[in-house]
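So the chains spell out like this:
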Amino acid sequence: MPTVRDIEQALFALAPKDLAMSWDNVGQLLGDPDVEVSRVLVALDITEDVAGEAIEKVCQLIVSHHPVMNCKWLPVQTVRSDTPQGHLLLKLLRNGVSAVCMHTNLDIAEGGVNDRLAQALELIDPGPLGDPEGLCRVGTLAEPMALEDFARLVQKALNANGVRFAGAGKPVSKVAVGGGACGDYEDFAIAAGCDTFVTSDLTYHTFLDAKGKGINLIDAGHFPTEDPVCETLVSYLTAQFPELTVTKSASHREVIQYLVKD
């Protein structure tokens, strides 16, 4: 059976470590590299529920997008059972569950988070947006559509509980995408001639300024815009290691809920 180290190296072949941003924390962050693995759980985040699911399914390894431990600029100082992070880390360690995390390297990598997001939204000929990190993608719709109709398409395609959007009074045709918190890349979408930008975690003032900047904005949520890559990871690991049982977490879901205005 492959070891945790073998699986980490295979994941770095998909999303090279040197693509990760300087502040990021990627690779094996928890556990013994030499432990043999027969079962892997894939999830966007490693939460208490995901940890419990891995233990119940007798998984030796969780592969996640978001790091289970703080990024490099905010290192872990304590591991105590009376803190949320400490409790989670001890739970994993005591049950022999390792963690491998592919974060900004998987955002940027070909076939990673943002290519998968563009695919989910059925963008035609998606390619790099032109931002310095090579993070975001841009493509076109088969046919232009009204913003509200496209917002509904985004919500359905990503199985989002809801979306937030603001219009610039133009139809949707050329679309930039940035999974997760990519609001800082809005100006690159505008410079590329996009009429619409799909991302998440946008602020009130970003929405307020959208019309003046001439761009439609859709905030489809952090989890929905990134979660599609989990299926990519499941398929990739299954192809690389046919002897493994690899499953996507059933317990990890969008936590943000929306009330519909009466």
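Below: a short report on this structure. Just so we're clear, the structure is a prediction, and the values are computed from it rather than from any experiment. (Residues numbered from 1 in each chain as written. Predicted model: local features only at pLDDT ≥ 70, side-chain atom pairs only at ≥ 80, totals over all residues. Heavy atoms only, no water.)

Right, let's talk about the packing of aromatic side chains for a bit. Between two aromatic rings, the relevant description is the distance of the centres plus the angle of the planes. Under the defined criterion, the tally for this structure stands at 1 aromatic pair. Consider the rings of Tyr 185 and Phe 188, whose centres lie 6.1 Å apart with planes at 40 degrees: the pair is tilted. Residue classification places Tyr 185 among the buried positions, given a relative accessible area of 11%. Classification of Phe 188 by relative accessible area gives partly exposed; the value is 31%. (Phe/Tyr/Trp six-rings, centres within 6.5 Å; stacked < 30°, edge-to-face > 60°. Buried < 20%, exposed > 50% of the residue type's maximum accessible area, 1.4 Å probe, protein only.)

This next bit is on the sheet that holds strand S11 (residues 245-248). The strand order S1-S4-S3-S2-S11 describes an open sheet built from 5 strands, whose pairing is mixed. Each edge of the open sheet carries a strand with a single partner, namely strand S1 (27-30) and S11. Averaged over all neighbouring strand pairs, the angle between strand axes comes to 25 degrees, with direction disregarded. This element, helix H10 (residues 229-240), spans strand S2 (39-43), strand S3 (61-64) and S11 of the sheet and lies at about 175 degrees to S11. (Pairing = 2+ DSSP bridges. Helix = DSSP H or I, 4+ residues; strand = E, 2+ residues; numbered from the N terminus. Axes fitted to C-alpha atoms, helices over the stretch in contact; angles between N-to-C directions. Contact = heavy atoms within 4.5 Å.)

The next thing to look at is the environment of Gly 111. Relative to the helices and strands, Gly 111 resides in the loop between helix H4 (104-108) and helix H5 (113-120). Gly 111 sits 109 residues away from Ala 220 along the chain, and the two C-alpha atoms are 20 Å apart.

Counted according to the given criterion, the structure contains 11 salt bridges. Note that Lys 57 and Glu 53 form a salt bridge whose closest N and O atoms lie 2.8 Å from each other. When salt bridges that share partners are traced, they join Glu 148, Asp 149 and Arg 152 into one network. (Salt bridge = Lys/Arg side-chain N within 4 Å of Asp/Glu carboxyl O.)

What follows covers the environment of Gly 134. Positionally, Gly 134 belongs in the loop between strand S5 (124-128) and strand S6 (137-145). Using a relative accessible area of 24% as the deciding quantity, one classes Gly 134 as partly exposed.

Ordered by their spatial adjacency, 6 strands build an open sheet running S5-S6-S8-S9-S10-S7, and the pairing between neighbours is mixed. This sheet does not close on itself; its edge strands, each paired only once, are S5 and strand S7 (164-166). Averaged over neighbouring strand pairs, the angle between their axes works out to 20 degrees when direction is ignored. Alignment of S7 against strand S10 (residues 216-219), held across 3 bridges, turns out to be antiparallel. Across the sheet, residue Arg 164 finds its bridge partner in S10, namely Asp 219.

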